[in-house]
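Here's the letter readout for the chains.
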Amino acid sequence: MRKRRRRGGRQPPGRNTRAAAISRRRLALYGGVAKARPPGGRCRGRGRVPRPRRSRLRRGAGPGLLPFAAARPVAQRRGRAAGPWAGTAGGSSETGGKKRMDMGNQHPSIKRLHEIQKEVKEIEQQVVVFSGLSTDKDYKKLERSLTKQLFEIDSVDTEGKGDIQQARKRAAQETERLLKELEQNANHPRRLEIEAIFKEAQSLVEREITPFYKGGNCISDEFEEGIQDIVLRLTQVKTGGKVSLRKARYRTLTKVCAVQEIIESCVKQQLSLPLSNDAHPSVSKINSVMCEVNKARGTLISLLMGVSSNDTCRHLSCVLTGLIADLDALDVCGRTEIRNYRKEVVEEINKLQKYLDLEEEGNSTHAYDLAQNQSILKIEEIRKKMKEVNALLLKTENASDLYLGSKAELQGLIARLDEVSPGKNPCIREARRRAVIEVQTLITYIDLKEALEKRQMYPEQTAAEHQSYKAVWNVLGNLSQIQQEVISFDGNRTDKNYMRLEELLTKQLLALDAVDPQGDERCKAARKQAVKLAQNILYYLDMKTDEWEY
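Report follows, based on the coordinates. (Residues numbered from 1 in each chain as written. Predicted model: local features only at pLDDT ≥ 70, side-chain atom pairs only at ≥ 80, totals over all residues. Heavy atoms only, no water.)

### Remarks on unusual backbone geometry
- For glutamate 159, which is not glycine, the phi torsion reads 55 degrees and is therefore positive.
- With respect to the secondary-structure elements, glutamate 159 resides in the loop between α5 (137-154) and α6 (162-187).
- On the accessibility criterion, glutamate 159 (48% relative accessible area) is partly exposed.
- Its identity as a non-glycine residue notwithstanding, glutamine 518 has a phi of 55 degrees, on the positive side.
- Taking relative accessible area as the criterion, glutamine 518 reaches 56% and is therefore assigned exposed. (Helix = DSSP H or I, 4+ residues; strand = E, 2+ residues; numbered from the N terminus. Buried < 20%, exposed > 50% of the residue type's maximum accessible area, 1.4 Å probe, protein only.)

### Here's the deal with the packing of aromatic side chains
- Applying the stated criterion to the full structure yields 3 aromatic pairs.
- Between tyrosine 469 and tryptophan 473, the ring centres sit 6.4 Å apart and the planes meet at 70 degrees, which makes this aromatic pair edge-to-face. One end of the pair, tyrosine 469, and the other, tryptophan 473, are both in helix α20 (residues 467-488), 4 residues apart, so they sit about a helical turn from each other. (Phe/Tyr/Trp six-rings, centres within 6.5 Å; stacked < 30°, edge-to-face > 60°.)

### Points about the nonpolar core
- With 52 residues, the main nonpolar core has Leu410, Val472, Leu476 and Leu479 as its most contacted residues.
- Listing elements by their share of this core, those giving two or more residues are α16 (374-395), α17 (400-419), α18 (426-457), α20, α21 (496-513) and α22 (521-544).
- With 12 residues, α18 is the single largest residue contributor to this core.
- Those residues in contact with valine 472, other than ones at most four positions away along the chain, are Leu512, Val515, Cys523, Ala526, Arg527 and Ala530.
- Counting residues in each nonpolar core, the second largest holds 48 residues, with Phe198, Val289, Val293 and Leu352 among its members. (Core = buried A, V, L, I, M, F, W, Y, C linked by side-chain atoms within 4.5 Å. Contact = heavy atoms within 4.5 Å.)

### Brief notes about the packing of helix α7 (residues 189-208) against helix α9 (residues 221-235)
- Taken N-terminus to C-terminus, the directions of α7 and α9 make an angle of 170 degrees; their axes are 10 Å apart at the nearest point. In terms of orientation, α7 and α9 fall into the roughly antiparallel class. Residues Ile194, Ile197, Glu200, Ala201, Leu204, Val205, Arg207 and Glu208 of α7 lie in contact with α9, whose contacting residues are Glu222, Phe223, Gly226, Ile227, Ile230, Arg233 and Leu234.
- Split by residue class, the contact of α7 with α9 holds 9 nonpolar, 1 polar and 5 charged. (Axes fitted to C-alpha atoms, helices over the stretch in contact; angles between N-to-C directions. Parallel < 35°, antiparallel > 145°, perpendicular 65-115°, else oblique. Nonpolar A, V, L, I, M, F, W, Y, C, P; charged D, E, K, R; others polar.)

### What about a negative patch on the surface?
- Together, Asp221, Glu222, Glu224, Glu225 and Glu264 give the surface a local cluster of negative charge.
- If one sorts the elements of the negative patch by residue count, α9 sits on top with 4 residues.
- Residue position: glutamate 222 is located in helix α9. (Patch = residues over 30% accessible without salt bridge, like charges linked within 9 Å, V, L, I, M, F, W, Y side chains within 5 Å. Areas by Shrake-Rupley, 256 points an atom, 1.4 Å probe, with all protein chains shown as cover. Salt bridge = Lys/Arg side-chain N within 4 Å of Asp/Glu carboxyl O. Lys, Arg positive; Asp, Glu negative; His and termini not counted. Charge placed at Lys NZ, Arg CZ, Asp CG, Glu CD.)

### Some thoughts on the environment of valine 332
- Structurally, valine 332 is set in the loop between α12 (313-328) and α13 (336-354).
- Considering only alpha carbons, one finds valine 332 and arginine 342, 10 residues apart in sequence, at a separation of 8.9 Å.

### Re the pattern of salt bridges
- What the rule picks out here adds up to 25 salt bridges.
- Where glutamate 430 meets arginine 433, a salt bridge forms, and the shortest distance between an N and an O atom there is 2.6 Å. Residue glutamate 430 and its partner arginine 433 are located together in helix α18, separated by 3 residues, close to a single helical turn.
- Take glutamate 430: its relative accessible area is 4%, and that puts it in the buried class.
- The exposure class of arginine 433 is partly exposed, given its relative accessible area of 28%.
- When salt bridges with common partners are traced through the structure, they connect Lys121, Glu124, Glu174, Arg177 and Glu181 into a single cluster.

Shown next, in the form of structure tokens:
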């Protein structure tokens, strides 16, 4: 049997003694005073010393264990301003401290997911601006990179923890979204439309490019008209503001327009010479270099249109550089005419070398995103002024006093539009052309209104006119009212008002076709102008509703 200790005996140092010491320290930290233990080892009247309640502890800056509440000033615990504690080392800024604690206490799986998400974020920038097709090398490279990141996400061990599972799920969803966006960019209907138009340009080049390979300058009118039609169709492709489609349209337009410029410079620009081979021995060498330049021109067109698989841009650049070196090595013996001839050939070679940098230019954001282009900003400023004049004309019932001033102002706007430089960008050229049509439509509206008012001022003259001529003017009066509605129309082609206006214009065209001039030349000329006016109004209505954007 275990012996009972005496009541007043001394206890050996053990666990209860250490617990009592810790409890006294805690009481002192909380502001209380720990009572000394009586010599008998017990508290008076209660038996053993009660064990203090446990609290959440953390290791503080000072020695020993500190509770969470004691780590902050009293003012902060009560929700008031921390005073001198704020922003000091003793007060420990909450944002920085929490971030350092979170980073230090992060689970390895969470850290790995953050690293993967950072890599996926870098790939996202390439996916957003991707403008190729699903058969391109860049597409396969991006798809492979995203798929690799998806496998990395799947390999992260969650250890059955819910927060890690949710983080892994979010990372996988983001990667799958980018894969889907990449596929949509490559297979978008507008992207396929751009590619189909480019295929037509390729077939046109393959049929008509033979004269260039032979060193000739003969280009058929069919080729020039076909290229012009392709450029116009490309500018009218709707991108909906999507960056990838804008980039694809711009890159395709850049190539086709480069081909168009090369052909125009070859056909229209004639060198001041060549000289005959008998003039000087170096002339024959320059003539042979010129023949090589013509062949290089045909090779460049094939490379731009993607119809040549034998040559590369780098090889062509080396060939052109070699031709310039050959020309520089020639001795012209101080003869001015031979020096000028050589200079013109060198300039032709330099022009061809500029077209080899089109790929890098097509990748720059400022090239295909025209929202901040200076020419576009000028055009939009002129259109804004034109709309103010338009609103003033439509609001005023008796606008005869405004006709002269408004017409002069609109003509000034056309002069300003002529000063806008589109550069080599066909989209800017198309934006300027549309703005000119809008201003010219308003000028035509003012001219027709003035003519109708003058006819009403002289009823005696109109009474003696031919019946067919009167019929034409009746149609012109109807066209003036319809034109006013068309100018103020602000809808799309699904609106009933659009269909009504289109039907009214068609009826006026039929009414003009029914007019019999009976050999009256004046009536024939008036009917011809009325038909042209009706067609222009109809074209303007279609242009307003085709949802074109630059």
